[in-house]
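Working through the structure, step by step
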Amino acid sequence: MTTAVAGERAAELRKFRRVQRLAYECAEAVAARLQPGVTEREAARMQREWLRERGVRDWFHLPFAWFGDRTAFVNFRIPLQFFPTNRRLEPGMPFILDLAPVFEGCTADVGYSGSLGLNPVQDKLMADLEAHRELILREVRERRPLREIYEDVDRLMARQGYANRHRAYPFGVIAHKVDRVKERRWSPHVFGFGTQSLKGLASDALHGHREGWSPLWSPYRFSDHPPQPGLWAVEPHLGFRGTGAKFEEILVVTDSKDPEQSAFWLDDDLPHVRRWAEDK
């Protein structure tokens, strides 16, 4: 790789890191404002407003908020159940904020888990997610097929005594590719997803199908291939007796022969990573 190409890639990653940090700043700001009686719909609106005040006009998907047993997707059967409801937050209740803004053409998709007051179960789930972050990075660097890594995440969850809740997502995905999005003066969305982002994902799916890879990281045969270079929004999601927790952040995959440069997390200065460091 030439110095010029390396410089361009570093500059591009800085842009994605900036929007990912913006999304996490939003999640932390909204989490700090949550009070008993706030509904999921109000929490989602608070995220939208916070980001719009800072220049966000497009989305990979609009913000979600899940409270109580909805953090573990209890009895979720259809996609409409993911959308925010009038469920009200109560003391001690867990919550998850999930937001995916597009800013200056770059996408981030983040998940932030917390609770209104103490919730020891969710605290334990969050602590145990650290092992999943480490496992995913290690096995991506080993160029294991995505489907196999997914199965290893499943096995680790089972050993920890938890249920895999990302299986409840469409196609059971644990991750999906993200990329630059063309900026438009008008950015409509369909079923909560930005149309420009959906076009990009569809283009990746078509291109990948021709070459034998998928932009969706799932437990199915279409993900039975090594990690494809690019940016992946990864979101392992644990569930235990009506409580759920997850993180979501960008994993960078390259074609470098150097293991440490072949895959790395875009940013280690994120709320869940800082939390794990403080607990040690």
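One can find the structure itself at the top, above this paragraph.
Residues numbered from 1 in each chain as written. Predicted model: local features only at pLDDT ≥ 70, side-chain atom pairs only at ≥ 80, totals over all residues. Heavy atoms only, no water.

The subject of this paragraph is the packing of helix α3 (residues 120-141) against helix α4 (residues 146-160). Two elements in contact, α3 and α4, have axes whose closest approach is 10 Å; the angle formed by their N-to-C orientations is 155°. On the basis of the axis angle, α3 is roughly antiparallel to α4. Crossing geometry of α3 relative to α4 is assigned as right-handed. Across the interface between the two elements, Asp128, Ala131, His132, Leu135, Ile136, Glu139 and Val140 of α3 pack against Ile149, Asp152, Val153, Leu156, Met157 and Gln160 of α4. Taken together, the residues of the contact of α3 with α4 break down into 8 nonpolar, 2 polar and 3 charged. (Axes fitted to C-alpha atoms, helices over the stretch in contact; angles between N-to-C directions. Helix = DSSP H or I, 4+ residues; strand = E, 2+ residues; numbered from the N terminus. Parallel < 35°, antiparallel > 145°, perpendicular 65-115°, else oblique. Left-handed = near helix turned anticlockwise from the far one by under 90°. Contact = heavy atoms within 4.5 Å. Nonpolar A, V, L, I, M, F, W, Y, C, P; charged D, E, K, R; others polar.)

Structurally, the position occupied by Glu49 is in helix α2 (residues 40-52). Sequence separation between Glu49 and Cys26 is 23 residues; the distance between their C-alpha atoms is 9.7 Å.

One number sums up the size of the second largest pocket: a volume of about 330 Å³. What lines the second largest pocket is a set of 16 residues, among which Arg9, Pro229, Gly230, Leu231 and Val253 lie closest to the centre. Among the elements of the structure, α1 (3-33), β6 (175-178), β10 (230-234) and β13 (249-253) are those that each provide at least two residues to the lining of the second largest pocket. Ranked by residues supplied to the lining of the second largest pocket, first place goes to α1 with 4 residues. Grouping the amino acids of the lining of the second largest pocket by side-chain chemistry returns 8 nonpolar, 2 polar and 6 charged. (1 Å grid on protein atoms, 1.4 Å probe; cavity = no way out; pocket = protein on both sides within 12 Å on 5 of 7 lines; lining within 4 Å. Points joined across faces, edges and corners; volume = space filled by probe spheres on them.)

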